[in-house]
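Summary of the model geometry
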Amino acid sequence: MTTSFDNAAQVLAPPEPELRFLRSDRANEMILEPGGITVEHGRIAALEPTTDAETHIDASGCALLPGLVDCHTHLPFAGWRAGEYEQKVTGVPYEEISRAGGGIRSSAKALRETPDETVLAQAQELAGEMLRSGTTTFECKSGYGLSTAGELRALQLATELSQIVSQVTTRTALLAHAVPDGYTTATWMDEAEKMLPEALEHVSALDIFVESIAFGLEDLDRMGELASANGVLLRAHVEQFTTMRSVPVALRHNARSVDHLSTIHPDDIAPLAASDTAAVLLPGAEFMGDEATAPARDLIEAGAIMVLATDGNPGTSPIFSLPLIVGLGVRRYGLSTREALLAVTLNAAYVLDLQSELGSIERDKRADLVLLDCPAEHVAYRLGRNPVAATFVGGEPAYVRPDAAWRIMEG
Ligand code: NIG
Ligand code: FE
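Residues numbered from 1 in each chain as written. Chains lettered and ligands numbered in written order. Predicted model: local features only at pLDDT ≥ 70, side-chain atom pairs only at ≥ 80, totals over all residues. Heavy atoms only, no water.

1. Re the coordination of the iron ion (ligand 2)
Here is the rule we go by: Water is not among the atoms examined, so metal sites may look incomplete; donors are the N, O and S atoms within 2.8 Å of the metal, or within 3.2 Å for Na, K and Ca. Here a helix means four or more residues in a row that DSSP labels H or I, a strand means two or more in a row labelled E, and each is numbered from the N terminus. Each residue gets one of three labels from its accessible area relative to the maximum for its type: buried under 20%, exposed over 50%, partly exposed in between, using a 1.4 Å probe on protein chains only.
The coordination sphere of the iron ion (ligand 2), as far as protein atoms go, consists of His72 (NE2), His74 (NE2), His237 (NE2) and Asp311 (OD), spread over 2.0 to 2.2 Å. Donor residues binding the iron ion (ligand 2) come from one chain and are separated in sequence as H-x1-H-x162-H-x73-D. Here histidine 72 is found in the loop between strand E6 (68-70) and helix H1 (82-89), whereas its partner aspartate 311 is found in the loop between strand E13 (306-308) and helix H12 (322-333), with 239 residues between them in sequence. Using a relative accessible area of 1% as the deciding quantity, one classes aspartate 311 as buried.

Here it is as structure tokens:
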């Protein structure tokens, strides 16, 4: 089965094959030029079109990108917290919302009280929404369990979700998200360690929320040891609200990523940029929560592996559209189109350790692709508009917008 993508106005491709990541100070080397590609048996077979194909995709006027990779979401969860958002924007302090049972705890309660089928149905619907926005790979996290049984159930649900969505997914155990009632950070870390063997059946990464209201540097240290002892990646939510100086600790453990960084200490930028730890910025959470702005430009200029993600969750960032995140990132951080697109493709795939399989348009990679009905520059420029005409997973059309159906020609 051969498919030829013909006459694209732009095809996004890396400057060299087989990159693990591209440091963002080199993002402007990303190639964005007219062309086409050939897909065979679900993989990219050639970086040029062919006349000899069963299916032709007319990509005229379109940008052809690798499928977008959302490397930081909190799926699966139950329900939403719209009331809390209205309180927040009308000036109710977070402490008050939290004292009244809001925040992570309210999502934990909702998850506990919602049957499996309902949780999965909500997550599956969101995955469909993400597919229509061009996301072909996403990460799931636990973290709303707040008990051993709850966390293991969340991971089990994430594994079940992977079987009913079109996308490739990965799972991360965010075992240290909020300190459950009756525990200290240290006694909860003991629990986390005990549940680890079972959790590891589901996940490729461990995660922790390091914050004055959550876990501390010593807990991050311990999570780092657990990750390396068990051969999984370390991820960490750091420097979101408070400058905790988590970055040097995460770097000592060779974390795959540090996420948020809205309040990163200036002295931590250069060491982070010199490391192989990715800097995952979450402009949706910053925008929705009126948080500080991560120093993206400094990180890029220092040579960091800069990544953008939705942080999709019912609290801080109920946003699941990477095109919107690209728009927010470009506006907020002053990114070029290539910097922003690199941050939601190859570099995001690296965060999930899927870079050899997907994340860029190059020979032999999975043909996970997104066809935009406009030039790539319009993604950020026409903020809030969905530019996705079609999404392809493993070479097959997984979503085609009705007004783009004519582009797919059999025979
Ligand atoms: O990444 N920062 C911690 N965790 C989430 C928010 C979770 C929530 O509010 O439900 C985040 O922003
Ligand atoms: Fe998060």
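The discussion continues.
2. Quick notes on the site of ligand 1
Formally: One heavy atom suffices: a residue is near a molecule or strand as soon as one of its heavy atoms comes within 4 Å of it. Pairs of N or O atoms within 3.5 Å make up the polar contacts considered here, provided that, within protein, one atom can donate a hydrogen while the other can accept it, and that residues adjacent in sequence are counted only when both atoms are side-chain atoms. Residue polarity follows a fixed list, in which Ala, Val, Leu, Ile, Met, Phe, Trp, Tyr, Cys and Pro are nonpolar, Asp, Glu, Lys and Arg are charged, and the others, Gly among them, are polar.
Close contacts around ligand 1 come from 14 residues, with Arg81, Tyr144, His177, Gln240 and Thr316 the closest. One nitrogen or oxygen atom from the side chain of histidine 177 is found 2.8 Å from a nitrogen atom belonging to ligand 1. In this structure, an oxygen atom belonging to ligand 1 sits 3.1 Å away from a side-chain N or O atom of histidine 260. When the residues that make up the shell around ligand 1 are grouped by side-chain class, the tally is three nonpolar, nine polar and two charged.

3. Observations regarding the pairing of strand E8 (residues 168-176)
Filter applied, for reference: Pairing between two strands is assigned when DSSP locates at least 2 bridges connecting them.
Along E8, eight of the nine residues are buried, which leaves the element largely enclosed by surrounding structure. Pairing analysis gives five bridges linking strand E7 (residues 135-141) to E8, with the strands arranged parallel. Following the sheet pairing, phenylalanine 138 is matched in E8 by threonine 169. By the bridge criterion, three bridges tie E8 to strand E9 (residues 205-208) in an arrangement that is parallel. Within the sheet, the bridge partner assigned to threonine 172 lies in E9 and is alanine 205.

4. Looking at the sheet that holds strand E12 (residues 278-281)
The criterion, for reference: Axis lines are fitted to C-alpha atoms, over the contacting stretch for helices. Their N-to-C directions set the angle, which ranges from 0 to 180 degrees. Here, residues are in contact when the closest pair of their heavy atoms is within 4.5 Å.
The strand order across the open sheet formed by eight strands is E6-E7-E8-E9-E10-E11-E12-E13, and the pairing between neighbours is parallel. In this open sheet, the two strands that pair with only one neighbour each are E6 and E13. Taken pair by pair, the neighbouring strands of this sheet meet at an average axis angle of 25°, ignoring direction. In this fold helix H6 (residues 185-199) packs onto E8 and E9, with an angle of close to 140° to the strand it touches most, E8. The strands touched by helix H7 (residues 217-229) within the sheet are E8, E9 and strand E10 (233-238), with E9 carrying the most contacts at an inclination of about 175°.

5. With respect to the side chain of threonine 114
Its place among the elements puts threonine 114 in the loop between helix H3 (104-113) and helix H4 (116-132). Overall, threonine 114 belongs to the buried group, its relative accessible area being 17%. Contacts of threonine 114, omitting those with residues within four sequence positions, involve Ala78, Val119 and Arg153.

6. A few points about the environment of glutamate 18
Looking at the secondary structure, you find glutamate 18 in the loop between strand E1 (2-13) and strand E2 (31-40). Relative accessible area serves as the criterion here: at 74%, glutamate 18 is assigned to the exposed category. Between the C-alpha atoms of glutamate 18 and cysteine 140, which are 122 residues apart in sequence, the distance is 26 Å.

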